[in-house]
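Letter by letter, the chains look like this.
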Amino acid sequence: MDAQDLEKLNDMLDNESDLREKIRDKINDLDKKTRIMVGILNKIHSTRTESIPALLDSVRPVLISCGETFEGLAELIPPHQFWRWKDMWCHSLRTAVFAATIIEYLTNHSLLSLKAAAETLGIKEEWRDRVTLSAEDYLHGLISLVNELSRLAVNTVTLGNFEEPLRISAFVKDLFAGFSMLNLKNDTLRRRFDSLKYDIKKIEEVVYDVSLRKLVPAGNTENGSSK
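Parameters at a glance
- Residues numbered from 1 in each chain as written.
- Predicted model: local features only at pLDDT ≥ 70, side-chain atom pairs only at ≥ 80, totals over all residues.
- Heavy atoms only, no water.
- Helix = DSSP H or I, 4+ residues; strand = E, 2+ residues; numbered from the N terminus.
- Contact = heavy atoms within 4.5 Å.
- Buried < 20%, exposed > 50% of the residue type's maximum accessible area, 1.4 Å probe, protein only.
- Lys, Arg positive; Asp, Glu negative; His and termini not counted.
- Salt bridge = Lys/Arg side-chain N within 4 Å of Asp/Glu carboxyl O.
- Expected span 1.5 Å × (residues − 1).
- UniProt positions renumbered as here; feature names shortened; annotations may be inferred.
- 1 Å grid on protein atoms, 1.4 Å probe; cavity = no way out; pocket = protein on both sides within 12 Å on 5 of 7 lines; lining within 4 Å.
- Points joined across faces, edges and corners; volume = space filled by probe spheres on them.
- Nonpolar A, V, L, I, M, F, W, Y, C, P; charged D, E, K, R; others polar.

Next up on the list: the environment of Thr-95. In this structure, Thr-95 sits in helix 4 (residues 90-108). Along the primary structure Thr-95 and Asp-174 are separated by 79 residues, whereas in three dimensions their C-alpha atoms are 22 Å apart. Residues within four places of Thr-95 in sequence aside, it is in contact with Thr-34 and Val-38.

Pasting the structure below:
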């Protein structure tokens, strides 16, 4: 190997190392934002229903600011190299998806679609070869949503909201039915999906206890409780 080839290889290694450090700086920024969001959202388990909107309002600016970080990543990643670098930020991205989806659930009791989640996080379609929200990362975020809702089903009862577990149960079962129709070939995703059965069981136990004790108005059902 001649000196010219060695010099080119060294330049390539140096450039890749510099790029990795710049990407890591952006990811550290994203990590900070996701930690802030998760920290605030964890308070939903001790916050009464009437105070939830104000709590969510305090999270939204941080969620929206994630778009600036993703834009910075998109500027750094070379064209067509999404799959080469994505593992560096997938954990933080999944946490951001979780934050976006639980805010949507607590606001409207509805599911945030993949497209809407990407838009909420400020991830643009034209970046898809550099930074995008993959189906896998979106689904991981939804599984984290169900994990959190199973906790919430228990804690809302403690706070005197007996109808919320019924809404959570209907929502989670519908989501689980959708997951069941997917052909999940990713082992990690498959294992996490299988764990949802325990979350559903936990929620069902809460719903059963609430129903048995007649803590919800007569006529309310799991699929038809008022919002």
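For Asp-199, the position within the fold is in helix 8 (residues 187-212). Nearest to the buried, unbridged Asp-199 among oppositely charged side chains is Lys-202, at 5.9 Å. Leave out the neighbours within four places in its chain, and Asp-199 touches Val-146, Asn-147 and Ser-150.

Before going further, it helps to examine helix 6 (residues 135-158). In this model, helix 6 (24 residues) spans 35 Å end to end at C-alpha, consistent with the 34 Å of a helix rising 1.5 Å per residue. Once helix 6 ends, the next one or two residues include Gly-160, with phi positive near 90°.

Turning our eyes to something else, we now look at the UniProt feature "coiled-coil region" (unreviewed entry) in the protein chain. Under the UniProt annotation, "coiled-coil region" (unreviewed entry) lies at residues 6-33. Span residues 6-33 is 100% helix and 0% strand, its end C-alpha atoms 41 Å apart.

One pass over the full model with this rule turns up 18 salt bridges. The closest approach of N and O atoms between Lys-86 and Asp-137, which form a salt bridge, is 3.8 Å. Within this pair, whereas Lys-86 is found in the loop between helix 3 (82-85) and helix 4, its partner Asp-137 is found in helix 6, the two being separated by 51 residues in sequence. Given the relative accessible area of 4%, Lys-86 is considered buried.

What follows covers the layout of surface pockets. Of the voids in this model, the largest pocket is the one considered here, and its volume is about 340 Å³. What lines the largest pocket is a set of 20 residues, and nearest its centre among them are Thr-49, Ile-52, Leu-106, Asn-161 and Glu-164. Looking at the lining of the largest pocket, the elements with two or more residues in it are helix 2 (52-76), helix 4, helix 6 and helix 7 (164-180). The element that contributes the greatest number of residues to the lining of the largest pocket is helix 2, accounting for five residues. Here the residues of the lining of the largest pocket sort into seven nonpolar, six polar and seven charged.

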